[in-house]
Amino acid sequence: MTRDEITAGLAEILEEVAGVSPDDVAEEKSFTDDLDVDSLSMVEVVVAAEEKFGVKIPDNDVQNLKTVGDAVAYIAAQS
Amino acid sequence: MSRPDVVVTGLGATTPLGGDVASTWDAMLAGRSGVGPLTQEWAGQLPVRIAAQLAVEPTEKLDRVKLRRLDRSEAIALIAAHEAWADAGLADSPPEPERIAVSVGSGIGGAQTLLAQDDILEASGPRRVSPHTVPMLMPNGPAAWVGLELGAQAGVHSVASACATGAEAIALGLDLIRSGRADVVLAGGTEAVIHPLPIAGFASMRAMSTRNDDPERASRPWDKDRDGFVLGEGAGAVVLERADHAAARGARVYARLAGAALTSDGYDIVQPHPEGRGVIRAINMAIADAGIDRADIVHVNAHATSTPVGDIAEIAALRSALGNHPVLTATKSMTGHLLGAAGALESIATILAIRDGVIPPTINLDDPDDALDLDVAAHKARHMEVPAALNNGFGFGGHNAVLVFARA
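Keep in mind that this is a model prediction, so the values were computed, not measured.

1. A few points about the UniProt feature "domain: Carrier" (unreviewed entry) in chain A
Residues annotated by UniProt as "domain: Carrier" (unreviewed entry) correspond here to residues 4-79 of chain A. For the annotated span residues 4-79 of chain A, helix accounts for 59% and strand for 0% of the residues, and the straight-line distance between the end C-alpha atoms is 14 Å.

Written out as structure tokens, the structure reads:
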């Protein structure tokens, strides 16, 4: 799966969970500061991403996923 | 310092009769029933297959993403609260946050969330349980959300006294203003438990009407053929305000919340006291608290839920405490029983009866119980001057709440 495909998949999740417009989703965007995803919604995003991409994202690693790009890289490394 | 007067300056509701106060009031005065068949698949197995469901779904007022993190009872509490807040003219010029309090309760709370998330837990495991589960099901959730959105910082309170909740929440609001802890209180109740488990539970108590083939005639307070209450869902909210605070900003005043009283039966967990002692005491205390002449209380919006025992116990208590002169109504004949929201919605009906000089009807009272010896606005709305009126709310647990509203 390419980075663009993962970004597109995350954008779908972010729209569903947090109402983020897919147009706003880009690798440099911060989940909390730019996309307004709060901590509880981030949990939902992570669980949905695990399911969608068939990966595991332990809670300890979630705190390191500050930007969409961080998440894309993390998922790409596992898939 | 003398005790401040408290007035009602805003109303909000979403009910089985309408998505706001105006449409609900119009439907009430027209004597329309909000009860209908439950067509969901799960209803087929239940002994009770009727309910008074919301006329307007929350999805028409709140966006999808916001609704993901709100229990239905929280969503409708917010809808009612925002309507009341705007109606009071406070949405554009809010008071000092530290002078705003919230008193919003629910009879049962976030049961739909609890049950839905339990289904997810069973089917998909703990990781799939929503992180919003706890704030959605906690009983203070509706009050907390309303407080958050209105910016209330003088305290957010969540009363729970079963079917007395809405009335008790308003009584608490009165106390908050009288005690000087707030200038403005958003008070009310909310309930959304049209789900097979609560219905099965109430049905197992034999508390609900099983008139499944005739939903609109199922809720029939004081009628000989009544066979239990009809479950309803909805929310009601009132803005209570210190009278001088309302006057200073030139607010429109609907009525005065002149007095309130709360008592407990200390008798049985679900049965009302057979002589209505706790109710009589609450009515007497509320009237004394209001300092209003008993003769001026010409109307009572009764608790009357359409159960065989409760309806008549209330009549005996009303006759004993007030005499024969008040004109009664039971708006649950149209709305069904909104449990924790009932007292809030019925307070709104009482307030509008005072404002408009019209008492909404009690529908389905075709063959009055022999023990009903008080005047009821049966079938049709009754036009008359209403200088002051009572709203009664009683709940499982022996809670009795009585509110006295009067012309401002």
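2. Observations regarding the sheet that holds strand 8 (residues 255-264) of chain B
Residues and elements named next belong to chain B. With mixed pairing, 10 strands are arranged side by side in an open sheet as 5-4-6-7-1-8-14-13-9-10. Only two strands of the sheet have a single partner each, and these edge strands are strand 5 (156-157) and strand 10 (327-329). Sheet topology places strand 4 (residues 100-106) next to strand 6 (residues 184-191); 7 bridges connect them, and they run parallel. For S106, the partnering residue across the bridge sits in strand 6 and is T190. Sitting on the sheet, helix 3 (residues 72-87) touches strand 1 (6-14), strand 4, strand 6 and strand 7 (234-242), and the angle it makes with strand 1 is about 135 degrees. Relative to the sheet, helix 13 (residues 342-356) contacts strand 1, strand 6, strand 7, strand 8, strand 9 (297-301), strand 13 (388-395) and strand 14 (399-406), its axis offset from that of strand 13 by approximately 170 degrees.

3. Some remarks on the pattern of salt bridges
Residue and element names in this part refer to chain B. Using the criterion set out here, one finds 33 salt bridges over all chains in the structure. Of the charged contacts in the structure, one is a salt bridge between K66 and E149, with a shortest N-O distance of 2.6 Å. Here K66, found in helix 2 (residues 64-68), pairs with E149, found in helix 6 (residues 141-150); they are 83 residues apart in sequence, far enough to count as distant. Here K66 falls in the partly exposed class, since its relative accessible area comes to 24%. Judged by its relative accessible area of 28%, E149 falls in the partly exposed class. A salt bridge links R72 to E233; the nearest nitrogen and oxygen atoms lie 2.9 Å apart. On the criterion of sequence distance, the pair formed by R72 in helix 3 and E233 in the loop between helix 8 (196-204) and strand 7 is long-range, its members being 161 residues apart. Neither residue differs from the other here; R72 and E233 are each classed as buried.

4. Remarks on helix 7 (residues 165-178) of chain B
All names here are of chain B. The first and last C-alpha atoms of helix 7 sit 20 Å apart over 14 residues, in line with the 20 Å expected at 1.5 Å per residue. Counting buried positions over the 14 residues of helix 7 gives 11, a clear majority of the element. For helix 7, the complete set of buried residues consists of T165, G166, A167, A169, I170, A171, G173, L174, L176, I177 and R178. Just beyond helix 7, the residue with positive phi is G180, at close to 85 degrees.

5. Some thoughts on the layout of surface pockets
Approximately 640 Å³ is the volume attributed to the largest pocket. Around the largest pocket, the lining comprises 36 residues; the ones closest to its centre are V270, P272, T307, G310 and F396 of chain B. Mapped by element, the contributors of at least two residues to the lining of the largest pocket are helix 10 (277-290), helix 11 (308-322), strand 13 and strand 14 of chain B. Ranked by the residues each element gives to the lining of the largest pocket, the list is headed by helix 11 of chain B, at 7 residues. Looking at the lining of the largest pocket residue by residue, the class counts come to 17 nonpolar, 14 polar and 5 charged. By volume, the second largest pocket amounts to about 520 Å³. Contributing to the lining of the second largest pocket are 24 residues, with E44 of chain A together with R68, Q117, I120 and S130 of chain B lying nearest its centre. Looking at the lining of the second largest pocket, the elements with two or more residues in it are helix 1 (3-18) and helix 2 (39-53) of chain A together with helix 4 (111-124) of chain B.

6. Points about the packing of helix 1 (residues 21-29) of chain B against helix 13 of chain B
Residue and element names in this part refer to chain B. Packing of helix 1 against helix 13 brings their axes to within 11 Å, and their N-to-C directions diverge by 75 degrees. With respect to their mutual orientation, helix 1 and helix 13 come out roughly perpendicular. Residues V21, T24, W25 and M28 of helix 1 lie in contact with helix 13, whose contacting residues are L345, I348, A349, L352, A353 and D356. Among the residues making up the contact of helix 1 with helix 13, the classes are represented as 8 nonpolar, 1 polar and 1 charged.

7. Thoughts on the pairing of strand 8 of chain B
Residues and elements named next belong to chain B. Burial runs high along strand 8: 7 of the 10 residues are buried. Note: strand 1 against strand 8, 2 bridges, orientation antiparallel. Counted as the bridge partner of V7 is R256 from strand 8. Here strand 8 runs beside strand 14; their pairing, made up of 8 bridges, is antiparallel. Residue pairing for strand 14: A261 is matched across the bridge by V402.

8. So, the interface of chain B and chain A
In many reports, interface size means the accessible area that the parts give up when they come together. Contacts between the two partners involve 10 residues from chain B, matched on the other side by 16 residues from chain A. Of the roughly 1100 Å² buried between chain B and chain A, counting both surfaces, carbon and sulfur atoms make up 38%. Three residues stand out in chain B for area buried against chain A, namely R68, R127 and P131 of chain B, and they jointly supply 51% of the buried area on that side. Here chain B and chain A share 6 salt bridges between them. Our count for the chain B to chain A interface comes out at 10 residue pairs in polar contact (both at pLDDT 80 or more). Considering every element that reaches the side of chain B that touches chain A, the biggest residue donor is helix 2 of chain B, with 3 residues.

9. Re a nonpolar patch on the surface
Judged by side-chain polarity, M205, I269, V270 and F396 of chain B come together as a nonpolar surface patch covering roughly 340 Å² of accessible area. Mapped onto the secondary structure, M205 of chain B falls in the loop between helix 8 and strand 7.

Parameters and conventions
Residues numbered from 1 in each chain as written. Chains lettered and ligands numbered in written order. Predicted model: local features only at pLDDT ≥ 70, side-chain atom pairs only at ≥ 80, totals over all residues. Heavy atoms only, no water. UniProt positions renumbered as here; feature names shortened; annotations may be inferred. Helix = DSSP H or I, 4+ residues; strand = E, 2+ residues; numbered from the N terminus. Pairing = 2+ DSSP bridges. Contact = heavy atoms within 4.5 Å. Axes fitted to C-alpha atoms, helices over the stretch in contact; angles between N-to-C directions. Salt bridge = Lys/Arg side-chain N within 4 Å of Asp/Glu carboxyl O. Buried < 20%, exposed > 50% of the residue type's maximum accessible area, 1.4 Å probe, protein only. Expected span 1.5 Å × (residues − 1). 1 Å grid on protein atoms, 1.4 Å probe; cavity = no way out; pocket = protein on both sides within 12 Å on 5 of 7 lines; lining within 4 Å. Points joined across faces, edges and corners; volume = space filled by probe spheres on them. Nonpolar A, V, L, I, M, F, W, Y, C, P; charged D, E, K, R; others polar. Parallel < 35°, antiparallel > 145°, perpendicular 65-115°, else oblique. Buried area = accessible area lost by both parts, 1.4 Å probe. Polar contact = N/O pair within 3.5 Å; in protein donor to acceptor, adjacent residues only side chain to side chain. Patch = residues over 30% accessible without salt bridge, like charges linked within 9 Å, V, L, I, M, F, W, Y side chains within 5 Å. Areas by Shrake-Rupley, 256 points an atom, 1.4 Å probe, with all protein chains shown as cover.

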